[in-house]
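Geometric and topological summary
Next come the chains, spelled out residue by residue.
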Amino acid sequence: MDDTATTFSCPPIDPTTFDVIIIGTGLSESILAAASSAAGKTVLHLDPNPFYGSHFSSLPLSDVPSFLLSHSHAVPLPREDLVTPSPSDAVLVPVDLTTRPVYSHIEIYSHSTDLLEHSRKFNLDLAGPRVLFCADSAVDLMLKSGANQYVEFKNVDGTYVCGGDGKLSSVPASRSAVFKDASLGLMEKNRLGSFFKLVEGHLKGTGSDGSRRISEEDLERPFVEFLDKIRFPTKIKSIIMYAIAMADYDQDKLEGCRSVLKTKDGINRLALYHSSVGRFHNALGALIYPIYGQGELCQAFCRRAAVKGCLYVLRMPVKALLVDKESGSCKGAKLASGQDLFSNEMVLGPSFMTLVPLANSLPDFLQAKLVDVGRDFRGKVARGICITNSSLKTDVSTCLVVFPPKSLYSEQDTSIRVLQIGSSLAVCPSGKFVVYLSTLCDDDIQGKKSLHAAINTIFSVPISETPENSSNNKSEDTEMKPTLLWSALYIQEVTMGSFDSFRFTPMPDGNLNYNDLLDATKELFHKMFPEEEFFPETTFSQLDDDGELAPSTNDDSLDS
C-alpha cells in the first residue's frame, strides 16, 4: 500500500523547521499531532500512504491483502537513492530508514465471487476487534480535545459469552439487567445481584454498616480467588472474569499465568463497565463503535490537529533520518522528494526502524546504538477479519462475543474476542456482516489454532478451502450458522513505544479498548514537552461534576 514511487512532484514544504515532525498517521501519532498543535507547537505530519491511519486504518476489502503482505517483510530503501554521507566535520549525517515486518502467517480465503465488486463499501479494521467503553479514557479524551466533532458512534447491541457448542449467553451489565436475564437461574441472579451491590458499596467507600466492603487483603489477592471466595459457579465466574473484566489469560492457572488480574483491578474494570452503561442517551449499553470503522478515530484527531495549524503531507516517504553525529539524536528527515526538514523532536510510527548508517559517517558506539533502535517487543496477537451473510444472533446487528480460556479446547490459554459489525455502521453492504477476532499468543501456530477453532464454532465454513476443519461443520445446526464468505487471518507483532533519541509510537495491542495506548501516548507527549498540558480544556469539551456532558454542548451524546 505504501506509495513509494521514485518521482515526486510535491512542491517544497515551507517552513523547513518545525517543533515536531511525526511520520505515520496511526492513532498514537494522530493524537500526538493534535496534542502538540493544541499546545501551540508547529507540527509537520507525514505519511508514505495515500490514506490516514497506518496500522489503525479501516481499508476497502481489496486493499487489505496488499497492505498485510507489504508489511510482512522488511522493506529497505535502495542504498543508491540515499544521500551521500556528509563530510566528516558535518554535524548531521543520514541514517537509513526502513520498515520492519509487522504481519506474518497471513491466510486469505474468498468463498464468494461478488464481494470484490462492492470492495469500496467495506471499511475493514486492521487492528480489530476494538470498541470504546462509554466511560473510558478514550471517550474522555475525544470530548476534551474536540475530536468527537468529527466522528459519530453507535451502540454495540450486546455482549455474549460463547463455548464450544456455539451457543451465546448474554452478559448482564447491571443489577437490573441481572434480574431481566431469563437465562439465569434464581440462585445465580441472587448471587450476581449481591455481588454488584457489593461492588457498588465498595466504590462508594462504605457499606451499609459504614465500613469498607472489600478488605485491602482481598483487593491484593487474585480476582479469581476473590470470586471463588464468594462461591460463584463456573459460568458466572467466567462471565465476570472474561466478558466484563476482560481478562486475557486463563486465571485458573495462576502459577503459569502471564498476567494475573488482581481484585482491585477487576473491581475497577467492573466499575468502568457499569459506569459506561447508559452514559449517553444514544448509547444505552456499555460499548460504542465509530461509524465507518476505527480508522475514523485517526482522522478525527488529524482534523483536530489541522484546525490548530498542523501541516499534512500524504504519499511522502522519508528516505533517511538526519542524526546528530555527537549525540546520536534525530534532528530531521530527508524526504523522497529530496528536501531536508529539521526538528528537535522526531516521532516515528511503530513499523519503522533505523539501520546502521553509511560507513564511517558515525562513531562506532553510535552505529551500534542505531541497530534496530526502538524495538520493544511485547508479544503477538492473532487477528482475523471475516465477512458473513447473516448475524451471529437473530435481530442483533452489532455485538461482542467472548470465548473464555479452555471454552473451545483444553490447550486454549487465552480469551478469544469476537466483534460483529453490521451495515448500520457503514462498514459493509446491506445484508453482510464484518466479524473481527483476536487472541494473544506467543506461539504463531497456537494463535492460528484458536482463531480457526472459534471460526469453525460460529460459522459455516466451506470445507474444501479451510486449512483446519472441525466436526462442528457437519452438525445439524450448520445451516443456522452464518456462512463465511471471506476471511483474512494473520499474526501481528506487538511493540511498545520508546522514548530515547528516537521516539517510536506503539503498535496496536491485544486489548479491546485503547487505554494502554493512550497512556503510552500521553507519556511520550510529556517526554517531548514536559511543561505543556496534554490537551488544555476547551469550551466544547467540558464534563460536569457528574461525568456527563456539560450543558454547553448541543446534546448529551457523542454525535458529531
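In this text, all values refer to a predicted model and were calculated from it rather than measured experimentally.

Take the overall build of the protein next. Broken down by element type, the protein carries 13 helices and 26 strands. Per-residue burial for the protein yields a buried fraction of 57% across its 560 residues. Within the protein, residue pairs in contact and separated by at least 24 positions form 72% of the contacts whose partners lie at least 6 positions apart. Taken as a whole, the protein presents about 22,800 Å² of accessible surface, with 50% of it coming from carbon and sulfur.

To continue, consider the packing of helix α5 (residues 186–204) against helix α8 (residues 234–244). Relative to each other, α5 and α8 sit at 40°, their axes nearing to 11 Å. By the angle between their axes, α5 is oblique relative to α8. In this structure, the crossing between α5 and α8 has a hand that is right-handed. From α5, Glu188, Leu192, Phe195 and Phe196 reach across to α8, where they touch Lys235, Ile236, Ile240 and Ile244. Partitioned by chemical class, the residues of the contact of α5 with α8 number six nonpolar, no polar and two charged.

Below, the discussion takes up unusual backbone geometry. For the bond from Asp14 to Pro15, the omega torsion is 5°, close enough to zero to count as cis. When you line up the elements, Pro15 lands in the segment before β1 (17–18). With omega at 0°, the peptide bond leading from Gly128 into Pro129 counts as cis. Assignment of secondary structure puts Pro129 in the loop between β8 (124–125) and β9 (132–133). Despite not being glycine, Ser54 shows a phi value in the positive range, around 50°. Mapped onto the fold, Ser54 is located in the loop between β3 (43–46) and β4 (58–59). In this structure, Asp395 takes a positive phi of about 65° despite not being glycine.

Below, the discussion takes up the pairing of strand β6 (residues 92–99). For β6, the buried fraction is high: seven of the eight residues fall into the buried class. Looking at chain direction, β6 and strand β19 (residues 352–354) are connected through three bridges and run antiparallel. Following the sheet pairing, Thr98 is matched in β19 by Met353.

Our focus in this paragraph is the sheet that holds strand β21 (residues 399–403). Reading across from one edge, β7-β24-β20-β23-β22-β21-β11-β12 is the order of the eight strands in this open sheet, with mixed pairing throughout. If you trace the sheet from one side to the other, it starts and ends with β7 (103–110) and β12 (168–170), each paired once. Strand-to-strand twist across the sheet, computed as the mean angle between neighbouring axes with direction ignored, equals 20°. The sheet contact formed by β21 and strand β22 (residues 416–422) spans five bridges and is antiparallel.

Cut-off values and rules
- Along each chain, residues carry numbers from 1 onward, in the same order as the chain's sequence is written.
- Only residues with pLDDT of 70 or above have their local features reported here, since the model is predicted, and side-chain atom pairs are shown and tallied only from 80 upward, although totals for entire chains, interfaces and linings are computed over all residues.
- Heavy atoms throughout the structure, all of them, feed into the side-chain values; hydrogens and water do not.
- Under the DSSP-based scheme used, a helix requires at least four consecutive residues in state H or I and a strand at least two consecutive residues in state E, with every element numbered from the N terminus.
- Residue burial is assigned from relative accessible area. The probe radius is 1.4 Å, only protein chains are included, and a residue is buried under 20% of its type maximum, exposed over 50%, and partly exposed in between.
- Contact criterion: two residues are considered in contact whenever any of their non-hydrogen atoms come within 4.5 Å of each other.
- Exposure was quantified through the Shrake-Rupley algorithm and a 1.4 Å probe, taking into account, for residues, occlusion by the shown protein chains and nothing else.
- To obtain each axis, a line is fitted to C-alpha atoms, and for helices this fit is confined to the stretch in contact; angles are then taken between N-to-C directions over 0 to 180 degrees.
- Roughly parallel covers angles under 35 degrees, roughly antiparallel covers those over 145, roughly perpendicular covers 65 to 115, and oblique covers all other angles.
- Left-handed describes a crossing whose near helix is turned anticlockwise from the far helix through less than a right angle; right-handed describes the clockwise counterpart.
- Just so you know the grouping, Ala, Val, Leu, Ile, Met, Phe, Trp, Tyr, Cys and Pro go in nonpolar, Asp, Glu, Lys and Arg go in charged, and all remaining residues, Gly too, go in polar.
- Any two strands with at least two DSSP bridges between them are considered paired.

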